[in-house]
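Chain by chain, the residues run as shown.
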Amino acid sequence: MLILGVDVHSIVIVPFGDIPKTLLDFLREELAFRFGTEVSVADPESIPEGAFDRHRSRYRSSLFLRHLEEERQDVDLKETERRIGIVHADLYNPESDVVLGEADPVDRVAVVSLASLHPESEALPEEDLRFRTRVLKEAVHELGHTYQLDHCGNPKCVMYLSHAPNDLDQKNADFCMAHQSKLKRR
Ligand SMILES: [Zn+2]
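Residues numbered from 1 in each chain as written. Predicted model: local features only at pLDDT ≥ 70, side-chain atom pairs only at ≥ 80, totals over all residues. Heavy atoms only, no water.

- In its Cofactor (unreviewed entry) section, the UniProt record describing the protein chain reads: "Zn(2+)". (UniProt positions renumbered as here; feature names shortened; annotations may be inferred.)

Okay, structure coming up:
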């Protein structure tokens, strides 16, 4: 989209299945703030056919990425859009049995799995905040890759690599200064 001659990159959040509206609204606002761009939420979609692996009882993350990429190509003639899928399901890829999130920097699509991000006791209100914050950090991290941002050595930067949900709790939902200026140049 062109506004005053400036090419605006937009982000589309794609819920797979019944993702709570409060979570999607939270992500929309927080992502718009961090990426300085327009963020919209698409209508819910069903799980891509063939994504479920019966032997592993998990879903293939690559199928979600391909599905999002095909959708993006259909509507994104200027090739400036990013798409991020949010799924309840457990994801895996050939490198890892537990995938919190994954991005394809070339095709500018990403996916985040909520399955592993729930804290131990969800009943407490502060645990809901912790859950939402984990989802946000994972979403910012994966979208960062779609802006060609690499992993960071700063343990507080959102681009720091997290292997487990508890790792996510140690870092911020924001970019370090170096990554922030890289993002601005992209
Ligand atoms: Zn950084």
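Let's pick the thread back up.
### Some remarks on the pairing of strand β3 (residues 11-16)
- In terms of burial, β3 is largely enclosed, as 6 of its 6 residues are buried.
- Residues Ile 11, Ile 13 and Pro 15 of β3 are buried on one face, and the alternating residues Val 12, Val 14 and Phe 16, pointing to the opposite face, are buried as well.
- Looking at chain direction, β3 and strand β4 (residues 39-41) are connected through 3 bridges and run parallel. Of the residues in β4, the one forming a bridge with Ile 13 is Val 41.
- For the crossover that starts at β3, traverses helix α1 (residues 21-35) and ends in the parallel β4, the hand is right-handed.
- Of the pairings in the sheet, the one linking β3 to strand β7 (residues 82-87) comprises 6 bridges and is parallel in character. What sits directly across from Pro 15, in β7, is Ile 86. (Buried < 20%, exposed > 50% of the residue type's maximum accessible area, 1.4 Å probe, protein only. Helix = DSSP H or I, 4+ residues; strand = E, 2+ residues; numbered from the N terminus. Pairing = 2+ DSSP bridges. Right-handed = clockwise from strand over helix to strand, strands pointing away.)

### Considerations on the packing of aromatic side chains
- Summed over all chains, the structure comprises 4 aromatic pairs.
- Taking the centre distance of 5.6 Å and the plane angle of 80° together, the rings of Phe 35 and Phe 175 count as edge-to-face. Taken together, the residues span a long stretch of sequence, with Phe 35 in helix α1 and Phe 175 in the loop between α4 (165-170) and α5 (177-185) at a distance of 140 residues. Just as Phe 35 is buried, Phe 175 falls in that class too.
- With a centroid separation of 4.8 Å and an interplanar angle of 50°, the aromatic rings of Phe 52 and Tyr 59 are classed as tilted.
- With a relative accessible area of 22%, Tyr 59 lands in the partly exposed category. (Phe/Tyr/Trp six-rings, centres within 6.5 Å; stacked < 30°, edge-to-face > 60°.)

### Points about the sheet that holds strand β5 (residues 52-53)
- The strand order across the open sheet formed by 4 strands is β5-β6-β8-β9, and the pairing between neighbours is mixed. Both outer strands of the open sheet, β5 and β9 (96-99), are each paired with one neighbouring strand and no more.
- As paired elements, β5 and strand β6 (residues 58-60) share 2 bridges and run antiparallel to each other. The partner of Asp 53 across the bridge, within β6, is Arg 58.
- Where helix α2 (residues 61-75) meets the sheet, it contacts β6 and β8 (91-93), and its direction lies at approximately 40° from that of β6. (Contact = heavy atoms within 4.5 Å. Axes fitted to C-alpha atoms, helices over the stretch in contact; angles between N-to-C directions.)

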